[in-house]
Structures are given as structure tokens and as C-alpha cells.
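Notes for the structure review
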Amino acid sequence: GAVVDLYSGRGERTLIENREGEPPYIVEVFESAPGGISVQSLETPTRFDNGVLLMGYALVDGRIFLRWSLPDAPDRRFYESRAHDVQFFAHVLDASGNRVGQLDARFWQARHWCAGDTLYTWAQVAGMDSAALLRVGLYRLRMGDDLSQTTPLDVLDAMGNPAGNWVDIPVGTP
């Protein structure tokens, strides 16, 4: 509802058919963040072990917007990761470190990933009025009958070593 109201019809539209009985994806291509939202760039983008970069964020009217980038020159891990769909999470923490809002949502299906794409995700989240920290991560879904099994994706440091399963972003500080 809110996503359709905010964005529908404002970008170049492509319809991607899904499996029989499932609704299609509607992809709209924008030159910048949809709806004129100003997404703050992170000083240092966060790289996950599947090659996906978290590039920026915005908190607007109770919504979290995240800007992601797929690698221009994918490596083996990127192509292997296309065999698994991922979800992202965003936790909103207050100044005392209490979680006051949470979002777990499907990421762009891996089979549709193309090298160099920039993706925007957004959702309504409670607790935004007291947000001091935004915690963001990705996790892999198992395919098949048991989708409840998940595996967190590592955040990589500058040397490419695992550095945890999420990134903490102080709100208001790029």
C-alpha cells in the first residue's frame, strides 16, 4: 500500500513474471532515490561476504530507506550467493541501546541480481522518533521446505576478514 502510493508510476517500469500462482515483480528504475528522498552516504560502505555493499540510509516519516550496491566486478562468492535468497534486518536502537523497532524483510531475489546494480529498500518501522542507532545486516535463507533455517552473512573489514554479522550506524552521522 504505502510503497505503491509513494512510488508507483514514477520510474521506468518492468514486469517480471514469477512462478505460476505467484504475483509478478514490478521493477521501477529511478535515476536517484525514489520520491526525492535524500539518502546519506556512509563514510565507509559496509561490505557483506556475498559482495553486496550497504552504501547509505535515510530515516524519513517513520520509514527506513537503505541504498545497496551489487559489485561491478563480481567474484565467486557473489555468483555462489545467487543460489540463495537473502533477507535484511534493520533494528532501531534508542540512546540506551534498547531495541525500539525492528524490520526483517526480503531482499531483491538473488536470481535477479545484476553486477553493478544499485538497489533501494524501504519499509515502515516503529520507534523511529527515538532512534539513536541503526543496526543492519543480511542473512541467507535456506531453500526448500524449511525456510526457517537462516545463516547470517558476515560483514567484512577493509582486509576482507569477517568482522561481525551487522553494522551499527549512528543516526544522523554518515
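Preceding this section is the structure that the text describes.
First, a word on what this report is: a plain description of the structure on this page. (Residues numbered from 1 in each chain as written. Predicted model: local features only at pLDDT ≥ 70, side-chain atom pairs only at ≥ 80, totals over all residues. Heavy atoms only, no water.)

Here's the deal with the sheet that holds strand S11 (residues 155–156)
This is how it is decided: Strand pairing requires that DSSP identify at least two bridges connecting the strands. Secondary structure elements follow DSSP: runs of H or I no shorter than four residues count as helices, runs of E no shorter than two count as strands, and numbering proceeds from the N terminus.
Strand order in the open sheet formed by five strands is S8-S5-S4-S3-S11, with antiparallel pairing between adjacent strands. Strands with a single pairing partner mark the edges of an open sheet, and in this sheet they are strand S8 (118–124) and S11. The pairing of strand S4 (residues 53–60) with strand S5 (residues 63–69) spans seven bridges and is classified as antiparallel. Bridge assignment links Leu54 to a residue of S5, and that residue is Trp68.

So, the pairing of S4
When strand S3 (residues 40–48) meets S4, the two strands line up antiparallel, connected through four bridges. Residue pairing for S4: Arg47 is matched across the bridge by Leu53. Linking two consecutive strands that pair antiparallel, namely S3 and S4, is a turn of four residues; a positive phi of about 95 degrees is found at Gly51 within it. Hairpin connection of S4 to S5: two residues between the antiparallel strands, including Asp61 at a positive phi of 50 degrees.

A word on the nonpolar core
How we decide: We define a nonpolar core as any set of buried Ala, Val, Leu, Ile, Met, Phe, Trp, Tyr and Cys residues linked to one another through side-chain atoms lying within 4.5 Å. Only protein chains enter the calculation, and the probe is 1.4 Å; a residue is then buried if its accessible area is under 20% of its type maximum, exposed if over 50%, and partly exposed in between. A contact between two residues is defined here by any heavy atoms of the two lying within 4.5 Å.
Ranked by size, the top nonpolar core spans 30 residues in total, and within it Leu54, Leu66, Trp68, Phe107, Leu134, Val136 and Leu138 carry the most contacts. Every element with two or more residues in this core is listed here: S3, S4, S5, strand S6 (86–93), strand S7 (99–106), S8, strand S9 (133–141) and strand S12 (167–170). Sort the elements by how many residues they give to this core and S6 lands first, with four residues. In contact with Leu138, other than residues within four places in its own chain, are Phe48, Asn50, Val52, Trp68, Val86, Gln87, Phe88, Phe89, Phe107, Pro152 and Leu153.

Concerning the packing of aromatic side chains
Here is the rule: A pair of Phe, Tyr and Trp rings is counted when the ring centres sit within 6.5 Å of each other, with Trp represented by its six-membered ring. The angle between the planes then sorts it: under 30 degrees is stacked, over 60 is edge-to-face, the rest tilted.
Following the criterion strictly, the structure yields four aromatic pairs and no others. Here the aromatic rings of Phe48 and Trp68 are separated by 6.2 Å at their centres, their planes lie at 45 degrees, and the arrangement is tilted. A residue pair is termed long-range when its members are at least 10 positions apart, and Phe48 in strand S3 and Trp68 in strand S5 qualify at 20 residues. The same class applies to Phe48 and to Trp68, which are both buried.

Notes on unusual backbone geometry
The backbone phi angle of Asp61 is positive, close to 50 degrees, even though this residue is not glycine. Relative to the elements of secondary structure, Asp61 occurs in the loop between S4 and S5.

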